[in-house]
Amino acid sequence: MAYLRLIFIGFLCLPELLYAGGFALRFGPPAVGSGGPNPVSIPPAGRDMGLSYVTDKGTEYNLAITGFSVASRTKTKWGGYSSLGAGFAFSANGGGIGPYGGFGIELGCGGWIGCFSAEFTQAIGIGFGGLASPTALRIGVMKWF
């Protein structure tokens, strides 16, 4: 919970990020020991959580147990999107810096509650003791403002 407070404090220090964009909270299953979304069963063991912030210019910031990434997002009219970028990746094999990619869908956007969001991500980290290649399949809510 402490890292969530740090994220919100960071957003307050950079008010230009808050002008327009979206914030997503997504959950998915862990993949214990296989380099997946929760490689070492960090609590909560029953799920993995990912946070994303997307600016109106298409820059995406992702934070999860598997690491941190910054990506460029391309969105279609029907709600699909793809992301490509780089960041830090962590898995049971170690971790390091490398490429990040993902694709997903957002449906029902425009309401005050938010819209359904599902995504699949893949990252590769090279260095720090090996090759990390975590994947994640998460679903959740995306709120655009």
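Attention in this report is confined to the structure presented alongside it. Here the structure is a predicted model, which is why all the values come from computation and not from measurement.

How each quantity is defined
Within every chain, residues take consecutive numbers counted from 1 along the sequence as written. Since the coordinates come from a predicted model, pLDDT governs what is reported: local features require at least 70, and pairs of side-chain atoms require 80 or more to be given and counted, while whole-chain, interface and lining totals use all residues. The side-chain quantities take in all heavy atoms of the structure and omit both hydrogens and water. Under the scheme used here, helices are H or I runs from DSSP no shorter than 4 residues and strands are E runs no shorter than 2 residues, and both carry numbers assigned from the N terminus. Partly exposed residues are those whose accessible area sits between 20% and 50% of the maximum for their type, while under 20% is buried and over 50% is exposed, using a 1.4 Å probe and protein chains only. Contact criterion: two residues are considered in contact whenever any of their non-hydrogen atoms come within 4.5 Å of each other. All accessible areas in this document rest on Shrake-Rupley with a 1.4 Å probe, and a residue is counted as covered only by the protein chains that are shown. Geometry of aromatic contacts follows a simple scheme: Phe, Tyr and Trp rings, the Trp one being its six-membered ring, pair when their centres are within 6.5 Å, and the pair is stacked under 30 degrees between planes, edge-to-face over 60, tilted otherwise. Here, patches come from residues exposed beyond 30% relative accessible area and free of salt bridges, joined within 9 Å for like charges and within 5 Å for nonpolar side chains (Val, Leu, Ile, Met, Phe, Trp, Tyr). Within this document, salt bridges are pairs made up of a side-chain nitrogen of Lys or Arg and a carboxyl oxygen of Asp or Glu, the two lying within 4 Å of each other. In protein, a polar contact requires one atom able to donate a hydrogen and another able to accept it; more generally it is a pair of N or O atoms within 3.5 Å, and residues adjacent in sequence count only if both atoms are side-chain atoms. In this text, buried Ala, Val, Leu, Ile, Met, Phe, Trp, Tyr and Cys residues form a nonpolar core when linked through side-chain atoms within 4.5 Å.

We now examine the overall build of the protein. Each helix and strand counted, the protein has 1 helix and 10 strands in total. Element order for the protein, N to C, with α for helix and β for strand: α-β-β-β-β-β-β-β-β-β-β. Counting over 145 residues, the protein shows a buried share of 39%. Taking the contacts inside the protein whose residues are at least 6 apart along the sequence as the reference set, 51% of them involve residues at least 24 apart. With an accessible surface of roughly 7900 Å², the protein has 73% of that area assigned to carbon and sulfur atoms.

By the definition in use, this model includes 1 aromatic pair. Measuring from ring centre to ring centre gives 5.8 Å for Phe 103 and Phe 120, while their planes differ by 45°; the resulting arrangement is tilted. In this pair, Phe 103 sits in strand S6 (residues 94–107) while Phe 120 sits in strand S7 (residues 115–123), placing the two residues 17 residues apart along the sequence. With relative accessibility at 52%, the residue Phe 103 sits in the exposed group.

Next up on the list: a nonpolar patch on the surface. Residues Phe 68, Val 70, Phe 88, Phe 90 and Ile 97 make up a contiguous nonpolar surface patch of roughly 430 Å² in combined accessible area. Where the nonpolar patch is concerned, the elements lending two or more residues are strand S4 (67–75) and strand S5 (80–91).

Our focus in this paragraph is the side chain of Ser 52. For Ser 52, the position within the fold is in strand S2 (residues 48–55). According to the relative accessible area criterion, Ser 52 is buried, its value standing at 3%. Separated by 3.1 Å, the side chains of Ser 52 and Arg 26 make a polar contact. Every residue in contact with Ser 52, bar those within four places of it in the chain, is listed here: Gly 22, Phe 23, Ala 24, Arg 26, Glu 60, Tyr 61 and Asn 62.

Here Ile 126 is to be found in strand S8 (residues 125–127). Remark: the alpha-carbon pair of Ile 126 and Pro 99, spanning 27 residues in sequence, is separated by 9.3 Å.

If you look at the biggest cluster of nonpolar residues, it comprises 5 residues: Ala 71, Ala 89, Tyr 100, Ala 123 and Ala 132. Setting aside residues no more than four positions away along its own chain, Ala 71 makes contact with Gly 58, Thr 59, Glu 60, Ser 83, Leu 84, Gly 85 and Tyr 100.

What follows is about the environment of Phe 68. Mapping Phe 68 onto the fold places it in strand S4. With 18 residues separating them along the chain, Phe 68 and Ala 86 place their C-alpha atoms 8.6 Å apart. Excluding residues within four positions of it along the chain, Phe 68 makes contact with Tyr 61, Asn 62, Leu 63, Gly 87 and Phe 88.

The next subject is the pattern of salt bridges. Per the stated rule, a full pass over the model turns up 4 salt bridges. The residue Glu 106 makes a salt bridge to Arg 73 at a minimum N-O spacing of 2.9 Å. Linking Glu 106 in strand S6 with Arg 73 in strand S4, this pair joins segments that are 33 residues apart in sequence. Note on Glu 106: relative accessible area 3%, which makes it buried. A relative accessible area of 9% means that Arg 73 is categorised as buried.

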